[in-house]
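Residues per chain, in single letters:
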Amino acid sequence: MYRLCAVAFIVSLTGAGASFAQEKRIEITVTGGKEDARNVPIVVPMEVSPQMAKAVHVRLKAAGSKDPLVGQWTGPGLLTEGIQSKDKTLVRRDLHFIMPDLKAGTTLTFALEPLDVPNASKEFHWKENKGEYTELWRGQQPIFRYMYRAYDNSSPENRDKTYKVFHHLFDPTGTRIVTNGGQTDSYTDPKKLVFPHHRGLMFAFNKITYDNGKKADIWHAKPKDTHESHEGFLSADAGLVLGRHRVAIDWHGPDKEVFAKEEREMTVYGIDGGTLLEFATRLRTAGGKVRLDGDPQHSGFQFRAANAVAEKAADKKSAKETYYLRPDGKGKPGETRNWDPKNLGPVNLPWDAMSFVLGGQRYTVAYIDHPNNPGEKRYSERDYGRFGCYFEYDLTPEHPLVLNHRIWLQHGEMTGDQVQALSASFAAPPKVAVK
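I will try to describe carefully the structure that is included in this document. (Residues numbered from 1 in each chain as written. Predicted model: local features only at pLDDT ≥ 70, side-chain atom pairs only at ≥ 80, totals over all residues. Heavy atoms only, no water.)

1. Some remarks on the pairing of strand 8 (residues 124-129)
Reasoning step 1: Inspection of the sheet shows strand 8 paired to strand 9 (residues 133-138) by 6 bridges, in the antiparallel sense. If you follow Phe124 over to strand 9, its bridge partner there is Arg138. (Pairing = 2+ DSSP bridges. Helix = DSSP H or I, 4+ residues; strand = E, 2+ residues; numbered from the N terminus.)

Structure below.
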């Protein structure tokens, strides 16, 4: 069970708009943990009336404060949908809001009030290029792009462009994509593509066994016709607090047979100064046992920077510009750590961060693990801009795989304390109580 914000209750709300104001006073109390927290996403599972369920936003007003917080209603997320309504006349909703600043051990109480006309200048919204990709925007800038073109094996070139789905990430100003798209990117010289099977934010395994010995490599899409396919959009949300969608993805073996079915959910929170993205997935077997295995370079949830970072790293005449920041300190330029079965290596890190240069701009991306993810989590880093971790798992009908990570991207460098604060608020978020 993933710890969301120490919520083990459902509160009933009725009414909306003017009728909301006539209801009993509803208070939410938030208590900080052991460390100070800034810009922490909070989610509170609730059940509300059908009328209230139609609303998108709500105001959270603290006593004596002139700056109320904005809350956003969504349907249950992938990690909260297991919490069911106790009253069949009401509707399950999650309340989301961002705590901008919460000192350790501090308690703040908010009253819920109607919010009729929110400021839309930084509201999330969706843009669609049907059949190719969909983009999440915040105000006037894009945040991420989901690449989902249908699988096409009519030629090697078309297959290279369509054998996996993945998410691109834009830089925090929305001016460029910072992730790699492999053959889906536009290159005049394809020979300059470095490891094109590493794409954006992706999730796959390269050593999969299913159906009494059949093999599949979803990462490289081998043997022939092994691939991931987009099967539909399951839900989408957009408001002032977050933008989120959940997509259905099938995992196909070498004969195009489906051996696993995935629900992948991507959430971006309305936080300034960078991009905070949350990845959650649930992978189920389509039949019997599926063995998920691989290696740290080609399995699990991974981030891959744009191909230009790899081109720079491959140039022997250029100084190494990529370095890694870890819980034990800042690494040297070009230095990487990788787990292997003989010498072992980094496992079960709460976080890892990579600083790289793209187009003359330095970025830092933090990869944050949730402690409830299955382990042993084996980490891998590459100077060309790919990093993440993998694990072994036996997928059965009784034990689907649920995985949860966060990614933070910003301009410039970060300190270890800054990344640790992001990790702490993810692993042990503030506690919430509702009155």
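2. Let's talk about the environment of Lys130
Reasoning step 1: As for its position among the elements, Lys130 is in the loop between strand 8 and strand 9.
Reasoning step 2: Classification of Lys130 as exposed rests on a relative accessible area of 74%.
Reasoning step 3: Residues Lys130 and Tyr148 lie 18 residues apart in sequence; the distance between their C-alpha atoms is 9.4 Å. (Buried < 20%, exposed > 50% of the residue type's maximum accessible area, 1.4 Å probe, protein only.)

3. As for the packing of aromatic side chains
Reasoning step 1: Tallied over the full model, the rule gives 20 aromatic pairs.
Reasoning step 2: Judged by centre distance (6.0 Å) and plane angle (80°), the rings of Tyr367 and Tyr379 are edge-to-face. With a gap of 12 residues between them, Tyr367 in strand 24 (residues 361-369) and Tyr379 in strand 25 (residues 378-381) connect regions that are remote in the sequence.
Reasoning step 3: Using a relative accessible area of 0% as the deciding quantity, one classes Tyr367 as buried.
Reasoning step 4: The exposure class of Tyr379 is buried, given its relative accessible area of 0%.
Reasoning step 5: Plain terms: the ring middles of Tyr367 and Phe387 are 5.7 Å apart, the flat faces sit at 50° to each other, and that makes the pair tilted. Here Tyr367 is found in strand 24, whereas its partner Phe387 is found in strand 26 (residues 386-390), with 20 residues between them in sequence. Like Tyr367, the residue Phe387 is buried in the burial classification.
Reasoning step 6: Over the ring of Tyr133 we find Arg145; its NZ or CZ atom is 4.1 Å from the centre of that ring.
Reasoning step 7: The ring of Tyr163 has Arg199 sitting right over it, with the charged end atom 4.6 Å from the ring centre. (Phe/Tyr/Trp six-rings, centres within 6.5 Å; stacked < 30°, edge-to-face > 60°. Lys NZ or Arg CZ within 6 Å of the ring centre and 35° of its normal.)

4. Brief notes about the pattern of salt bridges
Reasoning step 1: Scanning the entire structure with this criterion turns up 31 salt bridges.
Reasoning step 2: For the salt bridge of Glu81 with Arg246, the shortest nitrogen-to-oxygen distance reads 3.1 Å. Within this pair, whereas Glu81 is found in the loop between strand 5 (69-74) and strand 6 (91-102), its partner Arg246 is found in strand 16 (residues 242-252), the two being separated by 165 residues in sequence.
Reasoning step 3: Note that Arg264 is salt-bridged to Glu262, the shortest N-O span being 2.7 Å.
Reasoning step 4: Glu262 gets classed as buried once you look at its relative accessible area, which sits at 2%. (Salt bridge = Lys/Arg side-chain N within 4 Å of Asp/Glu carboxyl O.)

5. Description of the sheet that holds strand 19 (residues 290-293)
Reasoning step 1: Across the sheet, which stays open at both edges, the 4 strands sit in the order 14-13-19-27 with antiparallel pairing between neighbours. In this open sheet, the two strands that pair with only one neighbour each are strand 14 (214-216) and strand 27 (393-395). Sheet twist, expressed as the average angle between the axes of neighbouring strands with direction ignored, equals 20°.
Reasoning step 2: In this structure, strand 13 (residues 207-210) lies alongside strand 14, joined through 3 bridges in antiparallel fashion. (Axes fitted to C-alpha atoms, helices over the stretch in contact; angles between N-to-C directions.)

6. A few points about helix 4 (residues 416-427)
Reasoning step 1: Spanning 12 residues, helix 4 covers 16 Å between terminal C-alpha atoms, matching the ideal 16 Å at 1.5 Å per step.
Reasoning step 2: Listing the buried residues of helix 4 in full gives Val419, Leu422, Ser423, Ala424, Ser425 and Phe426.
Reasoning step 3: Against the buried residues of helix 4 lie strand 3 (37-48), strand 18 (275-285), strand 21 (323-326), strand 23 (351-358), strand 24 and strand 28 (401-411). (Expected span 1.5 Å × (residues − 1). Contact = heavy atoms within 4.5 Å.)

7. Topic: the nonpolar core
Reasoning step 1: By size, the foremost hydrophobic cluster in this structure holds 56 residues, and its most contacted members are Ile208, Trp251, Phe259, Leu292, Phe303 and Phe356.
Reasoning step 2: Dropping the residues within four chain positions of it, Phe259 is found in contact with Ile208, Tyr210, Ala216, Ile218, Trp251, His252, Gly253, Thr285, Ala286 and Val290.
Reasoning step 3: Of all hydrophobic cores here, the second largest spans 23 residues; its members include Ile42, Phe97, Phe110 and Leu112. (Core = buried A, V, L, I, M, F, W, Y, C linked by side-chain atoms within 4.5 Å.)

8. What to know about the environment of Gln72
Reasoning step 1: Mapped onto the fold, Gln72 is located in strand 5.
Reasoning step 2: Residue Gln72 is classed as buried on the basis of its relative accessible area, which comes to 1%.
Reasoning step 3: Placed 13 residues apart in sequence, Gln72 and Arg59 show a C-alpha to C-alpha distance of 8.8 Å.
Reasoning step 4: Beyond its immediate stretch of four places on either side in the chain, Gln72 contacts Val56, His57, Asp94, Leu95, His96, Asp237, Ala238, Gly239, Leu240, Val241 and Leu242.
Reasoning step 5: Within the structure, Gln72 has its side chain in polar contact with the backbone nitrogen of Leu242 (distance 2.9 Å). (Polar contact = N/O pair within 3.5 Å; in protein donor to acceptor, adjacent residues only side chain to side chain.)

9. Thoughts on the sheet that holds strand 15 (residues 227-238)
Reasoning step 1: Across the sheet, which stays open at both edges, the 9 strands sit in the order 15-16-17-18-28-24-23-21-22 with antiparallel pairing between neighbours. Only two strands of the sheet have a single neighbouring strand rather than two, namely strand 15 and strand 22 (329-330).
Reasoning step 2: Two elements, strand 15 and strand 16, share 10 bridges in a ladder whose sense is antiparallel. The residue of strand 16 that forms the bridge with Ser229 is Asp250.

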